[in-house]
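Fold and geometry: a report
What follows is each chain in one-letter form.
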Amino acid sequence: MTQAPTPTADTVRRLVRSLLTDAPTPGPGPDVRPVAEDGEHSTWWVGTRHVMRLAPDREASARRRRELRVRDLVRPHVGVAVPVSVAHGDWAAGLGYTLDTRLVGVTGEEQDVSAIGEADLAALLTGLREVPVRQAEALGVPRAAQRSMEALRTSAERAAQQLAAADEFDPGRLAQLTAAAAVQLAGQPGGAFLVHHGLTGEHLVVSADGRVRGVLDWTDAVLGDPTEDIAGLAVAVGAPAAVRAATLAGYGARPCLRGLWLSRCDTVIRLADRLQGHGDSPITLLRTQLRRAWEAILLERVTELTGDD
């Protein structure tokens, strides 16, 4: 297998020069810098108005190309800004790039979401249910099966014991999610919806007043269980804010609780995996996400849920 080239600032500058008509040809070229200081440097700030993303492999390239079409599909529905691509193509043999407009704001990891911002998130969740499934499927958006809450609970219990041994988590907190409760929160039959499937704090663009001004990175979008996005928001903005947003979007008790417990189990498992040496996510971020997902809400206990709750 041929080793993919490593993008550098010069790689990005040369590409930008060929794309932006207002980019100066003499001199050092536009100001470019990696968004993250570590990692593969696949995402770069270009001046103050653009972001360039360079796919590291062919699979990522295919998902980025599909994302361009997905963003155009969801833009009229979701009520928040979605990046616009001003150029796209290949930056190396078979490896794609997109040059996008930069949305104004900071990430949800840097700025808390306000009450009005929760209404923005509700509009996002509502709009995703309105995206035509057949059109999304025609774009190649894959279907994803609903996850088993019972299997996830079992994995979370094992992970919680590992965290307890490291003095990171009290496994007794999982007691509310009994075997019977996991059955009650099983995935419900019915049609699939478009799911962003990556609503982490870093993918929310938030303004200084706490409004959600945009949503980034639609490469992992699937057709499936919308409670996965409620779970993502619990990790991104905290359980109470996520449940309030989902309730504003018309979700009842069952999907809110399913999303809540998906996030709680996920954050326990991810932190335990990281402490075992798997993955490269910052441990401090995983601890923060666990804390957010486990914030107390009024709707805590799984009781007899009936009908469309």
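What you are looking at is a predicted structure, and each value in this text was computed from that prediction instead of being measured.

The end-to-end C-alpha distance of helix H2 (residues 58–74) is 24 Å, a good match for the 24 Å that 17 residues give at a rise of 1.5 Å each. Regarding H2, the residues found buried are Ala60, Ser61, Arg64, Arg66, Glu67, Leu68, Val70, Arg71, Leu73 and Val74. At its buried positions, H2 is contacted by strand E3 (50–54), strand E4 (85–92), strand E5 (95–101), helix H4 (133–138) and strand E7 (193–195). Between the side-chain oxygen at the start of H2 and the backbone nitrogen of glutamate 59 there is a gap of 3.2 Å, and the oxygen is on aspartate 57.

In regular strands, side chains alternate between the two faces of the sheet. Note: strand E1 (residues 32–34) against strand E2 (residues 43–46), 3 bridges, orientation antiparallel. Bridge pairing in E2 links proline 34 to tryptophan 44. In this structure, E2 lies alongside E3, joined through 4 bridges in antiparallel fashion. Its bridge partner being in E3, tryptophan 45 is matched across the sheet by valine 51. Hairpin geometry of E2 and E3 is characterised by an intervening segment of 3 residues between the two adjacent antiparallel strands and by a positive phi of about 60° at glycine 47.

Another point: the sheet that holds strand E6 (residues 106–107). Pairing is antiparallel across the open sheet formed by 3 strands, whose spatial order is E6-E8-E9. Here the strands that pair on one side only, and so sit at the sheet edges, are E6 and strand E9 (212–215). Looking at chain direction, E6 and strand E8 (residues 204–206) are connected through 2 bridges and run antiparallel. Bridge pairing in E8 places valine 106 opposite valine 206.

Our focus in this paragraph is the packing of aromatic side chains. The final tally for this structure, using the stated rule, is 2 aromatic pairs. Summarising the aromatic geometry, the rings of tryptophan 261 and tryptophan 294 are spaced 5.5 Å apart at their centres and angled 90° between planes, so their arrangement reads as edge-to-face. Here tryptophan 261, found in helix H9 (residues 253–275), pairs with tryptophan 294, found in the segment after helix H10 (283–293); they are 33 residues apart in sequence, far enough to count as distant. Under the relative-accessibility criterion, tryptophan 261 is labelled buried at 0%. Taken together, the ring pairs connect Phe169, Trp261 and Trp294 into an aromatic cluster. A cation over an aromatic ring shows up here: arginine 102 above the ring of tryptophan 45, its NZ or CZ 3.7 Å from the ring centre. The positively charged end of arginine 264 is found above the aromatic ring belonging to tryptophan 261, 4.9 Å away from the centroid.

Two numbers describe how helix H7 (residues 227–237) lies on helix H8 (residues 239–248): the axes approach to 7 Å, and their chain directions differ by 140°. Looking at the two axes, H7 sits oblique to H8. Between H7 and H8 the crossing geometry is right-handed. Listed contacts from H8 to Ile230, Leu233, Ala234 and Val237 of H7 are Ala239, Ala241, Ala242 and Ala246. Across the contact of H7 with H8, the residue classes break down as 8 nonpolar, no polar and no charged.

About the cut-offs
- Residues numbered from 1 in each chain as written.
- Predicted model: local features only at pLDDT ≥ 70, side-chain atom pairs only at ≥ 80, totals over all residues.
- Heavy atoms only, no water.
- Helix = DSSP H or I, 4+ residues; strand = E, 2+ residues; numbered from the N terminus.
- Expected span 1.5 Å × (residues − 1).
- Buried < 20%, exposed > 50% of the residue type's maximum accessible area, 1.4 Å probe, protein only.
- Contact = heavy atoms within 4.5 Å.
- Polar contact = N/O pair within 3.5 Å; in protein donor to acceptor, adjacent residues only side chain to side chain.
- Pairing = 2+ DSSP bridges.
- Phe/Tyr/Trp six-rings, centres within 6.5 Å; stacked < 30°, edge-to-face > 60°.
- Lys NZ or Arg CZ within 6 Å of the ring centre and 35° of its normal.
- Axes fitted to C-alpha atoms, helices over the stretch in contact; angles between N-to-C directions.
- Parallel < 35°, antiparallel > 145°, perpendicular 65-115°, else oblique.
- Left-handed = near helix turned anticlockwise from the far one by under 90°.
- Nonpolar A, V, L, I, M, F, W, Y, C, P; charged D, E, K, R; others polar.

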